Amino acid sequence: MAPAITTLAADAPELSAANTGFMLICSALVMLMTPALAFFYGGMVRVKSTLNMLMMSFISLGIVTILWVLFGFSLAFGTDIGSIVGWSSEYVGLSGIGVTELWDGYTIPVYVFAVFQLMFAILTPALISGALADRVKFTAWALFITLWVTVVYFPVAHWVWGAGGWLFEMGVIDFAGGTAVHINAGAAALGVILVIGKRVGFKKDPMRPHSLPLVMLGAGLLWFGWFGFNAGSWLGNDDGVGAVMFVNTQAATAAAMLAWLGYEKVRHGSFTTLGAASGAVAGLVAITPAGGSVSPLGAIAVGAIAGIVCAMAVGLKYKFGYDDSLDVIGVHLVGGVIGSLLVGFFATGGVQSDAKGLFYGGGLDQLGKQAVGVFAVLAYSLIASAILALIIDKTMGMRVSEDDEVSGIDQVEHAETAYDFSGAGGGASSRSTAPAPVVTENKKVDA
């Protein structure tokens, strides 16, 4: 992410209509990533959990938006307090911000920066949901999101991107969210599943994706939206850094997809659509922190490494016995760690900043900073998320009952099913001479 505060030139910047329009488009692209994630996750679960998986992402759009407007933006990007959190009263309710007031050092309004960052805050808890498929009460999940973004995401965003945040001041490079988004979400997923346990039938029953076309649609929309996520994080188009990030995003994603498929072919003998989609997402995750620091060749290396390592990492749940339903840990946590650490090797010193990695003569200095950022966010999110999940589990209960899980969480939690085959024909109904009823807007009308 571009620095939150920079030293102003002699002439204060003026509002740029071009940069403002660009950032509003990027904000919309990042918003699209949350329903795209819902499709991606929704296709990966069994039919009986499809709607619940979609809703676990969609509810974040509602909850986090309200919290962000009320106090989240202030906690994340307000005036620094002790290098841990921010607070500015004019950001509370977004009520004290002038319409044309600019984000310090940039040519976009504060409102535009706030809404762009809001979309990151919405997406991050939605990422966690993939690890918890099939077994979490919807009310408990909604409460967890509320507590988690308040206790974990808002402070970590300040650490990484807020002026005065301790990781920001240390010089940790995270262009668009390798630590604050992906490691944060992946570590949280691990913390929660250690508390709530495995699905019924884990490692015994087949739990294959019910709709690979839906998975591919979600992955494609994520890839599309990720250009706003990454290129937009420079907060403008004035110096070409965002353009380099755009190219690096494409290159790394392509390399990761090919690397995952290659590993899969060697290891399992087939090129799968799920592997292609997962590899692309792994590349997107890994390039997110690194893309503003590396060259396009470096981006290919980052993507290829992430594709292979993440493909290997998704099998760790079977070895260690934790039930990460949709491989949030294997892709987002591992991919975020890889991308963040590889900044310390591949940073050229000629794009986002003058910081150089080991392969470009920078020694181990930047790698050390990256490691501190990675493990600080990982440890805090893991521990805090586990504590929050434990509190909820001991008070209202995190999981649905075993019977409800077996019968299907969609019907239990939402009173709906993803697919209605009652009108598909066949059987006695197809032989009936009576006209079938027509259903219009949930009202049954005689044909």
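The shown structure was predicted, so the numbers you read here are calculated from the model rather than taken from an experiment.

S.K.: Where do I start with the overall build of the chain in this structure?
M.R.: Across its full length, the chain carries 16 helices and 4 strands. For 447 residues, the compact-globule estimate of 2.2 N^0.38 gives 22 Å, and the C-alpha radius of gyration of the chain, at 23 Å, lies within 12% of that figure. Over its C-alpha atoms, taken along the principal directions, the chain stretches across nearly 85 × 55 × 45 Å. Here the chain, with 447 residues, has 55% of them falling under the buried criterion. The contacts in the chain between residues at least 6 apart in sequence include a share of 77% that link residues at least 24 apart. Accessible area for the chain stands at about 17,900 Å²; split by element, carbon and sulfur atoms hold 66% of it. Looking at charge distribution, the chain has the averaged site of its 20 positive side-chain charges lying 17 Å from that of its 29 negative ones.

S.K.: Teacher, can you tell me more about the packing of aromatic side chains here?
M.R.: Aromatic ring pairs are defined here through the distance separating the ring centres and the angle between the ring planes. Following the criterion strictly, the structure yields 27 aromatic pairs and no others. For the pair Phe40 and Tyr41, a centre-to-centre distance of 6.0 Å together with 35° between the ring planes defines the contact as tilted. The interplanar angle of 75° and the centroid separation of 6.3 Å between the aromatic rings of Tyr153 and Phe154 together place this pair among those described as edge-to-face. Of the two residues, Tyr153 and Phe154, neither departs from the other in class, the shared state being buried. An aromatic cluster is built from Trp68, Phe71, Phe73, Phe77, Tyr91, Trp103, Phe113, Trp148, Tyr153 and Phe154, whose rings are joined through pairwise contacts.

S.K.: Would you mind showing me how to read the packing of helix α10 (residues 296-313) against helix α12 (residues 328-346) here?
M.R.: For any two helices packed against each other, the geometry is given by the interaxial angle and the distance between the axes. Put simply, α10 and α12 touch, their axes get as near as 9 Å, and they point 145° apart. Considering the relative orientation of α10 and α12, their crossing is right-handed. Contact residues: Gly298, Ala301, Val302, Ile305, Ala306, Val309, Cys310 and Ala313 in α10; Gly330, Val331, Val334, Gly335, Ile338, Leu342 and Phe346 in α12. In terms of residue class, the contact of α10 with α12 is built from 12 nonpolar, 3 polar and no charged.

S.K.: Quick question: what am I supposed to make of the pattern of salt bridges here?
M.R.: Oppositely charged side chains can form a pair if their charged atoms are brought close together. With the rule as written, the count across this model stands at 6 salt bridges. Of the charged contacts, one joins Asp134 and Arg199 as a salt bridge, the two residues approaching to 3.3 Å between their closest N and O atoms. Here the residue Asp134 occupies a position in the loop between α3 (110-128) and α4 (138-161), and Arg199 occupies one in the loop between α6 (178-196) and α7 (212-231), the gap between them amounting to 65 residues. Accessibility classification places Asp134 together with Arg199 in one group, the buried group. The closest approach of N and O atoms between Asp365 and Lys369, which form a salt bridge, is 3.4 Å. Placement of the pair is Asp365 and Lys369 together in helix α13 (residues 365-395), with a separation of 4 residues, close to one helical turn. Residue classification places Asp365 among the partly exposed residues on the basis of a relative accessible area of 49%. Overall, Lys369 belongs to the partly exposed group, its relative accessible area being 23%.

S.K.: Where do I start with α4 in this structure?
M.R.: It helps to recall that an α-helix has 3.6 residues per turn; residues three or four apart then point in one direction. At Val149, α4 shows its maximal kink, close to 45°. Of all 24 residues in α4, 18 are buried, a share of seventy percent or more.

S.K.: Where do I start with the layout of surface pockets in this structure?
M.R.: Sizing a probe to match a water molecule and rolling it over the atoms shows the empty space that remains. Put simply, the largest pocket is a space of about 770 Å³. Lining of the largest pocket is provided by 37 residues; of these, Leu274, Val314, Lys317, Tyr318 and Asp327 occupy positions nearest its centre. Every element with two or more residues in the lining of the largest pocket is listed here: α1 (17-44), α8 (241-268), α9 (273-290), α10, α11 (316-320) and α12. Of all the elements, α8 adds the most residues to the lining of the largest pocket, at 5 residues. Residues of the lining of the largest pocket, tallied by class, amount to 19 nonpolar, 8 polar and 10 charged.

S.K.: Please explain unusual backbone geometry as it appears in this structure.
M.R.: Working note: non-glycine residues mostly have negative phi, and peptide bonds are mostly trans. Positive phi, normally seen in glycine, also occurs at Lys203, with a value near 70°. Locating Lys203 in the fold gives a position in the loop between α6 and α7. The phi torsion at Leu235 lies on the positive side, around 65°, for a residue other than glycine. Within the fold, Leu235 resides in the loop between α7 and α8.

S.K.: In this structure, what is going on with the side chain of His182? I would like to understand it.
M.R.: Relative to the helices and strands, His182 resides in helix α6. On the basis of relative accessible area, His182 is assigned to the buried category, the value being 0%. Residues in contact with His182, not counting those within four places in the same chain, are Leu127, Gly177, Trp226, Phe229, Val285, Thr288, His332, Leu333 and Gly336.

S.K.: Honestly, the packing of α3 against α6 in this entry has me stumped. Any pointers?
M.R.: For the pair α3 and α6, the least separation of the axes is 8 Å and the interaxial angle reads 30°. On the basis of the axis angle, α3 is roughly parallel to α6. In terms of crossing hand, the pair formed by α3 and α6 is right-handed. For the pair formed by α3 and α6, the contact residues are Phe120, Thr124, Leu127 and Ile128 on the first element and Ala180, Val181, His182, Ala185, Ala188 and Ala189 on the second. When the residues that make up the contact of α3 with α6 are grouped by side-chain class, the tally is 8 nonpolar, 2 polar and no charged.

Cut-off values and rules
Residues numbered from 1 in each chain as written. Predicted model: local features only at pLDDT ≥ 70, side-chain atom pairs only at ≥ 80, totals over all residues. Heavy atoms only, no water. Helix = DSSP H or I, 4+ residues; strand = E, 2+ residues; numbered from the N terminus. Rg over C-alpha atoms; globule rule 2.2 N^0.38 Å. Buried < 20%, exposed > 50% of the residue type's maximum accessible area, 1.4 Å probe, protein only. Contact = heavy atoms within 4.5 Å. Areas by Shrake-Rupley, 256 points an atom, 1.4 Å probe, with all protein chains shown as cover. Lys, Arg positive; Asp, Glu negative; His and termini not counted. Charge placed at Lys NZ, Arg CZ, Asp CG, Glu CD. Phe/Tyr/Trp six-rings, centres within 6.5 Å; stacked < 30°, edge-to-face > 60°. Axes fitted to C-alpha atoms, helices over the stretch in contact; angles between N-to-C directions. Left-handed = near helix turned anticlockwise from the far one by under 90°. Nonpolar A, V, L, I, M, F, W, Y, C, P; charged D, E, K, R; others polar. Salt bridge = Lys/Arg side-chain N within 4 Å of Asp/Glu carboxyl O. Bend = angle between axes of the 7 residues up to and from the residue. 1 Å grid on protein atoms, 1.4 Å probe; cavity = no way out; pocket = protein on both sides within 12 Å on 5 of 7 lines; lining within 4 Å. Points joined across faces, edges and corners; volume = space filled by probe spheres on them. Parallel < 35°, antiparallel > 145°, perpendicular 65-115°, else oblique.

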